[in-house]
Amino acid sequence: MTILRDLSIYWSMFHILFVFILLFRPRFTRKKTVLITGIFMGILILLNGAGLAVLGFDALAQVFLLTCTVPSFILFYVLSADRNFKFIFSFCLADTSCLWLMAVTNLLDYFLGGGEYWVMLVSRLIAFPLMEYLIWRFLRKPYLELQNVVEKGWGIFSGMTMLYYLLLAVTIQYPTNIVNRPEAMLQCILMLVLMFFNYATIFTSLYRQLLLYRKQQSERILQEQKNMLKAQLENQQRIRRMQHDMKGHSATLLGLLTEEKTKEALIYLRGVETEMNTLEGEFCANPYINAVFVQYIGKLDELGAECTTDILVGDKELPYMELCQILSNGLENACDALEKLDATKREASVEMKYNRNHLIIRIKNRCRDDLNVEKGNIPVTDKAESGHGFGISSIQAAAVRLGGDMMCYTEGGYFVLEVMVSLVRIRERMKML
């Protein structure tokens, strides 16, 4: 009947791979990842199968960490987008969960099947697909979101998971399989129960972090909308005051022209034009995006910053929610950085223009001399108050929604934020509005 045991082992090894693929973030496309994994792990499974046939189950179980775990760890490390504790936690989580399930089914077979392995095979045939369904249905989406938004705390969890994996492997297989050591079964069962509750505690903690992030993100978006609408209202009030003042300007111009003071009327008219441009703050034809520029360019002026603008976007119809989110977060970060600098060093520039099939936004500001951000990295906020630290991630999320991406880095004493969004996606979004 050992054929039933061997089939259940092959079945388990295949599903260990599947569980991990559900949980980790690959650096390659899903198709390429599955192809590489299938080829490499297929060879590895065949080699382990040959070892099982030659050495026997007990001998192979003693070295499965070297013959299976270590090679698969190296493979997925190469394939993973994460090269840190997030990867270690995901890898150990998949392996430990499957090893836990194998231990439980092994004990069920001992107590219910008399060691004939048919209970082991049937229970694994049911348990592994059920576990994968539950992961896909309830865990995968929030877990991948957690990997995107939670940067700290993974080291502790990965260390705990790694120790549990080693503890479980040793308890089940050393010095022999647990079914050959009845005196150790109670401790093994208690450890399996403890592991279940500890993992539930870990995921509860991670999920609470995710809920907190979502709440803070929602509050920040609402605050951005409030600021945007406030700036738009102030801009409209300025225009109304300008329209009211035009009556006085018209009377003055009429008086000057009546007295044939053409030169004076021309000078006065140029002054009115300058005042209109100042009041209206016409940076962009879109009123919402323009309101963001009016608000933050005014804030930069209050800081005494030397600010240059190159806004070459004339469309009134733009997906203003995402673009306002990008601009307000980027300009807010620039204002915060400049406020900490000496007044003589406060410089900033804003560019917003089309480049073939993309809209390019580039915000550049002077920064601390000790700030060093490499391309591809995300700076971490040093603000202690809650609600901070989500500006860059908000910009990236908004850029992705518009079919683009974001990059930030330091260069020559300046912090540079570059955002590129797709004009095709912009047109698609405008059709939906």
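Q: I'm lost on the packing of aromatic side chains in this one. Help?
A: In this description, a pair of aromatic rings is defined by centroid distance and the angle of the planes. According to the stated counting rule, one finds 20 aromatic pairs in the structure shown. Between Phe-20 and Phe-87 the ring centres are 6.0 Å apart and the planes differ by 85°, which places this aromatic pair in the edge-to-face class. Taken as a pair, Phe-20 in helix H1 (residues 2-23) and Phe-87 in helix H5 (residues 85-112) lie far apart in primary sequence, 67 residues in all. Of the two residues, Phe-20 and Phe-87, both sit in the buried class. A network of ring pairs unites the aromatic residues Phe-20, Phe-24, Phe-73, Phe-76, Tyr-77, Phe-87 and Phe-91 as a single cluster. Its guanidinium or amino end placed over the ring of Tyr-77, Arg-83 lies 5.1 Å from that ring's centre, counting from NZ or CZ.

Q: In this structure, what is going on with the pattern of salt bridges? I would like to understand it.
A: Two side chains with opposite charge may pair up if their charged atoms get near one another. Summed over the entire model, instances satisfying the criterion amount to nine salt bridges. In this structure, Asp-6 and Arg-5 form a salt bridge, with 3.3 Å as the shortest nitrogen-oxygen distance. The two residues Asp-6 and Arg-5 agree in class, both being buried. Glu-332 is the partner of Lys-299 in a salt bridge, and the nearest nitrogen-oxygen pair spans 3.3 Å. Residue Lys-299 is located in helix H10 (residues 287-302), and its partner Glu-332 is located in helix H11 (residues 320-339); the two are separated by 33 residues in the primary sequence.

Q: I would appreciate a short explanation of a nonpolar patch on the surface in the present structure.
A: On the surface, a cluster of nonpolar side chains totalling about 780 Å² of accessible area is made up of Leu-108, Tyr-110, Phe-111, Leu-112, Ile-189, Val-193, Phe-196 and Phe-197. Looking at the nonpolar patch, the elements with two or more residues in it are H5 and helix H8 (185-258). Examined against the element boundaries, Phe-196 turns out to sit in helix H8.

Q: Can you help me understand the environment of Val-122 in this one?
A: Position of Val-122 relative to the elements: it lies in helix H6 (residues 118-149). In sequence terms Val-122 and Asp-109 are 13 residues apart; their C-alpha atoms lie 9.6 Å from each other.

Q: Would you mind going over H10 with me for this structure?
A: One turn of the α-helix equals 3.6 residues, which is why residues spaced by three or four share an orientation. Here H10 spans 22 Å end to end across 16 residues, near enough to the 22 Å set by a 1.5 Å rise per residue. Just beyond H10, the residue with positive phi is Gly-304, at close to 75°.

Q: Looking at this structure, how should I read the nonpolar core?
A: Soluble, globular proteins show a tendency: their nonpolar side chains are buried together. Core analysis: the biggest nonpolar cluster contains 60 residues, and Phe-76, Phe-89 and Leu-168 have the highest contact counts within it. Contributing elements (two or more residues each) for this core: H1, helix H2 (30-55), helix H3 (57-62), helix H4 (64-79), H5, H6, helix H7 (154-173) and H8. Of all the elements, H5 adds the most residues to this core, at 13 residues. What Leu-168 contacts, discounting residues up to four positions off in sequence, is Thr-96, Leu-99, Trp-100, Ala-103, Met-191, Leu-192 and Met-195.

Q: Looking at this model, I keep getting lost on the environment of Leu-300. Mind explaining?
A: Mapping Leu-300 onto the fold places it in helix H10. Overall, the relative accessible area of 1% leaves Leu-300 in the buried class. Leu-300 sits 39 residues away from Glu-339 along the chain, and the two C-alpha atoms are 9.2 Å apart. Among all residues touching Leu-300, those that are not within four sequence positions of it are Ala-305, Cys-307, Cys-335, Leu-338 and Ala-348.

Q: Just to check I follow, could you spell out the sheet that holds strand E5 (residues 414-422) for this structure?
A: Taken together, five strands build an open sheet; the order of strands is E1-E2-E3-E5-E4 and the sheet is mixed. Edge strands, defined here as strands with exactly one partner in the open sheet, are strand E1 (306-312) and strand E4 (405-411). If you compare each strand with its neighbour and ignore which way they point, the axes differ by 10° on average. Bridge count for E1 against strand E2 (residues 347-355) is seven bridges, and the pairing is parallel. By the bridge assignment for E2, Ile-311 is matched with Met-352.

What counts and what doesn't
Think of each chain on its own: its residues are numbered from 1, step by step along the sequence as written. Restriction of local features to residues with pLDDT of at least 70 applies here, the model being predicted, together with a cutoff of 80 or more for giving and counting side-chain atom pairs; totals for whole chains, interfaces and linings are based on all residues. As a convention, hydrogens and water are excluded, and side-chain values are obtained from all of the structure's heavy atoms. Two aromatic rings, drawn from Phe, Tyr or Trp (for Trp, its six-membered ring), form a pair once their centres lie within 6.5 Å of each other, and the interplanar angle then sorts them: stacked below 30 degrees, edge-to-face above 60, tilted otherwise. Under the DSSP-based scheme used, a helix requires at least four consecutive residues in state H or I and a strand at least two consecutive residues in state E, with every element numbered from the N terminus. Burial status follows relative accessibility: with a 1.4 Å probe on protein chains alone, a residue under 20% of its type maximum counts as buried, one over 50% as exposed, and anything between as partly exposed. Only when the NZ atom of a Lys or the CZ atom of an Arg is both within 6 Å of the ring centre and within 35 degrees of the ring normal do we say a charge sits over the ring. Only one rule defines a salt bridge in this text: a Lys or Arg side-chain nitrogen within 4 Å of an Asp or Glu carboxyl oxygen. Exposure above 30% relative accessible area and the absence of a salt bridge qualify a residue for a patch, where like charges join within 9 Å and nonpolar side chains (Val, Leu, Ile, Met, Phe, Trp, Tyr) within 5 Å. Here the Shrake-Rupley method, with its probe set to 1.4 Å, supplies the accessible areas, and only the displayed protein chains count as covering residues. A helix's residues, less one, multiplied by 1.5 Å, set its expected span. Residues enter a nonpolar core if they are buried and are Ala, Val, Leu, Ile, Met, Phe, Trp, Tyr or Cys, with the set joined through side-chain atoms within 4.5 Å. Any pair of residues with heavy atoms lying within 4.5 Å of one another is described as a contacting pair. A pair of strands is labelled paired if DSSP reports no fewer than 2 bridges between them. Helix axes use the C-alpha atoms of the stretch in contact, all axes being lines fitted to C-alpha atoms, and the angles between their N-to-C directions lie in the range 0 to 180 degrees.

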